[in-house]
Amino acid sequence: MQRRHFLQAGSALGAMGLVSGCASVNTGQGPKVVVIGAGYAGATAAKYIRLWSDHGIQVTLVEPNPAFVSCPISNLVVGGSKTLADITLSYDNLVKRHGVQWVQDRAVGIDADQRVVRLAGGERLSYDRLVVSPGVDFMWETLPGMAREGVKDQVLHAWKAGAQTVALRRQLEAIHLRHLNIRHDDVKHRPTLLDNRYR
């Protein structure tokens, strides 16, 4: 480990209490970190806890989705310059290259006294330190009328990149040129407006 990385590891992991003195060190298995959520923050935390500890800390990543889809870059999918596959990454590198244990499930409860995370599938994960980074979501049950079946598919928000991102792109592709407010002069001097996807 280079000196710069050692200092980074000492400050970051020391702040988390994961260097010597951690309760689970005496088990012979090393300290355990559970990370809830594998978005930008969670996946980065999982990766660098492993790297900066020279793989001495066990990291379990809890994420229900099968792959990571970049929400900020999803605007490029809506705009037509990228596909959803272009902005989708698997968790293989975290698992194979960095030794992160990925559990494809959803966290439904945290017992801070017992230091245990409960998963939807019934599994219980013990931890020495916990990183909670589940991202954001809508509370549909609090919105009148939005809990009915099929309503969510009619209101395309694409807050999370995925099926709704593709649906928004298809809506744009379905727009016919006659629906756009374009003057004749615009068409004459800006032929790029007549892109085939609008014909």
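Student: With reference to specific residues and values, describe the overall build of the protein chain.
Tutor: Scanning the protein chain for helices and strands turns up seven helices and nine strands. Buried residues in the protein chain amount to 28% of all 199 residues. Across the protein chain, every contact between residues at least 6 apart in sequence was considered, and the portion connecting residues at least 24 apart equals 56%. Accessible area of the protein chain: about 13,100 Å², with a carbon and sulfur share of 52%.

Student: Could you give me a rundown of the packing of aromatic side chains, with the residues and numbers involved?
Tutor: Scanning all chains against the criterion turns up four aromatic pairs. When the centroid spacing of 5.4 Å and the interplanar angle of 50 degrees are considered together, the rings of Tyr48 and Trp52 count as tilted. Of the two residues, Tyr48 and Trp52 both sit in helix α2 (residues 40-52), four residues apart, roughly one turn of that helix. Taking relative accessible area as the criterion, Trp52 reaches 23% and is therefore assigned partly exposed.

Student: Describe the side chain of Gln164, listing the residues and the values that go with them.
Tutor: Inspection of the secondary structure assignment puts Gln164 in helix α6 (residues 163-174). A polar contact of 3.0 Å, which involves the side chain of Gln164, links it to the backbone nitrogen of Ala158.

Student: Tell me about the pattern of salt bridges, and name the residues and values.
Tutor: All told, the structure shown has two salt bridges when counted by the stated rule. Across the pair Asp137 and Lys160 runs a salt bridge, and its minimum N-O distance is 3.3 Å. Remark: Lys160 occurs in the loop between α5 (151-154) and α6 and Asp137 occurs in the loop between β9 (129-132) and α5; sequence separation between them is 23 residues. Taking the relative accessible area as the measure of exposure, Asp137 reaches 53% and is therefore exposed. With a shortest N-O distance of 3.4 Å, Glu173 and Arg169 are connected by a salt bridge. Separated by four residues within a single helix, Glu173 and Arg169 lie in helix α6, roughly one turn from each other. On the basis of relative accessibility, which here comes to 40%, the residue Glu173 falls in the partly exposed class. Take Arg169: its relative accessible area is 9%, and that puts it in the buried class.

Student: Which residues make up a nonpolar patch on the surface, and what values go with them?
Tutor: Residues Tyr40, Ile73 and Leu76 make up a contiguous nonpolar surface patch of about 270 Å² in total accessible area. Along the chain, Ile73 falls in the loop between β3 (68-69) and α3 (75-79).

Student: Hey, could you go over the pairing of strand β2 (residues 58-62) for me, with residue numbers and the actual values?
Tutor: Of all five residues in β2, four are buried, a share of seventy percent or more. Relative to β2, strand β1 (residues 32-36) is paired through five bridges, and the arrangement is parallel. Residue Lys32 lies in a different strand from β2, and its bridge partner there is Gln58. Considered for its hand, the β-α-β crossover made up of β1, α2 and β2 is right-handed. Here β2 pairs with strand β5 (residues 101-103) via three bridges, running parallel. Following the sheet pairing, Leu61 is matched in β5 by Trp102.

Student: Talk me through the sheet that holds strand β8 (residues 124-126); I want residue IDs and the actual numbers.
Tutor: Taken in spatial order, the three strands line up as β6-β7-β8 in an open sheet, and their pairing is antiparallel. Strand pairing shows two members of the sheet lacking a second neighbour, β6 (107-111) and β8, which therefore form its edges. Taken over all neighbouring pairs, the strand axes of this sheet differ in orientation by 20 degrees on average, direction set aside. Two strands pair when backbone bridges link them, and β6 and strand β7 (residues 116-119) are joined in this way by four bridges, in the antiparallel orientation. By the bridge assignment for β7, Gly109 is matched with Arg118.

Thresholds, definitions, all that
Residues numbered from 1 in each chain as written. Predicted model: local features only at pLDDT ≥ 70, side-chain atom pairs only at ≥ 80, totals over all residues. Heavy atoms only, no water. Helix = DSSP H or I, 4+ residues; strand = E, 2+ residues; numbered from the N terminus. Buried < 20%, exposed > 50% of the residue type's maximum accessible area, 1.4 Å probe, protein only. Contact = heavy atoms within 4.5 Å. Areas by Shrake-Rupley, 256 points an atom, 1.4 Å probe, with all protein chains shown as cover. Phe/Tyr/Trp six-rings, centres within 6.5 Å; stacked < 30°, edge-to-face > 60°. Polar contact = N/O pair within 3.5 Å; in protein donor to acceptor, adjacent residues only side chain to side chain. Salt bridge = Lys/Arg side-chain N within 4 Å of Asp/Glu carboxyl O. Patch = residues over 30% accessible without salt bridge, like charges linked within 9 Å, V, L, I, M, F, W, Y side chains within 5 Å. Pairing = 2+ DSSP bridges. Right-handed = clockwise from strand over helix to strand, strands pointing away. Axes fitted to C-alpha atoms, helices over the stretch in contact; angles between N-to-C directions.

Any functional reading would require information beyond the geometric quantities listed.
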